[in-house]
Amino acid sequence: MTTKADIDIALTQLQGKSPQEVLTWTLEQLHPHVALASSFGAEDVVLIDMMAKIRPDACVFTLDTGRLPYETYDVLAAIRQKYPQLQIQVMFPQTDTVQQMVQDKGINLFYDSVENRKQCCYIRKVEPLNRALAGLKSWITGLRRDQTTNRADMRVIELDAERSISKINPLIDWTNDQVWEYIHQNGVPYNALHDKNYPSIGCAPCTRAIAPGEDLRAGRWWWEQSNQECGLHVNEQGELVRSKA
Ligand code: SF4
């Protein structure tokens, strides 16, 4: 599925389906050439549980930026223990480029400018993501439509135009409440930071708890006034990756 026409055909089959139906269709069509991109946030652990029940050896990858909170490593370990057949690949950034960046600009360069933050996200996340996606025909994400206004018109399947592969968003129509109901009903391991008012969890120095009433992603790069996207779902110009309409 590398053209808009392919995506439109798939969309007619997937629109209005439950996340489990979307995942069943996806894994039947594409395993092992499809993987969930997971940061082990609430949406990701829901998808992991659903995928493991459909296909225990489903593929998952995660990006270890080197700056993750301890709680994220704890949930990664718990997930490996609960779903031992799952194929989890941990991607790391290139040592040389991280070392050069830190030498040139300091360990916490991201607080100094948007440019520095984007450079750090590119080196620690986007480049490893591109390596993880190389060879895949599609990737699965935990994006939900109501997470940010940027995501309001996203669809269950889209063309990742930057990489010419499809991107599948099984939880696109779900609410935050549905995610948490599923986690509790199914005993799914989750990141302990969620219980401390961290709805969205990334790297430790770039994530804070939110206050009641704040946007769900207000705790990400809170010192910037620009969008709260990390580069994984945006292109190099900072635009959201979406279908070519
Ligand atoms: S979230 Fe922060 S620490 Fe993590 S890669 Fe981006 S700028 Fe670097």
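Residues numbered from 1 in each chain as written. Predicted model: local features only at pLDDT ≥ 70, side-chain atom pairs only at ≥ 80, totals over all residues. Heavy atoms only, no water.

The chain is annotated in an unreviewed UniProt entry as Adenosine 5'-phosphosulfate reductase from Tumidithrix elongata BACA0141. The chain has a UniProt comment under Subcellular location (unreviewed entry) that states "Cytoplasm". Here the chain is described in UniProt, under the heading Catalytic activity (unreviewed entry), as follows: "[thioredoxin]-disulfide + sulfite + AMP + 2 H(+) = adenosine 5'-phosphosulfate + [thioredoxin]-dithiol". (UniProt positions renumbered as here; feature names shortened; annotations may be inferred.)

**Some remarks on the UniProt feature "binding site: [4Fe-4S] cluster" (unreviewed entry) in the chain**
What UniProt calls "binding site: [4Fe-4S] cluster" (unreviewed entry) maps, in this numbering, to C120, C121, C203 and C206. Sequence-wise these annotated residues cover 87 residues; spatially they are packed, their C-alpha atoms never more than 11.1 Å apart. Relative to the elements of secondary structure, C121 occurs in helix α6 (residues 114–133). Since its relative accessible area comes to 9%, C121 is described here as buried. Here C206 is to be found in the segment after α7 (176–186). Setting aside chain neighbours within four positions, we find C206 in contact with F110, G219, R220, W221, W222 and W223. (Helix = DSSP H or I, 4+ residues; strand = E, 2+ residues; numbered from the N terminus. Buried < 20%, exposed > 50% of the residue type's maximum accessible area, 1.4 Å probe, protein only. Contact = heavy atoms within 4.5 Å.)

**Thoughts on the environment of G202**
Of note, G202 is situated in the segment after α7. For G202, a relative accessible area of 10% translates into the label buried. For the pair formed by G202 and L68, sequence separation is 134 residues and the distance between their alpha carbons is 6.7 Å. Sequence-distant contacts of G202, defined by excluding residues within four places in its chain, comprise L68, P69, T207 and R220.

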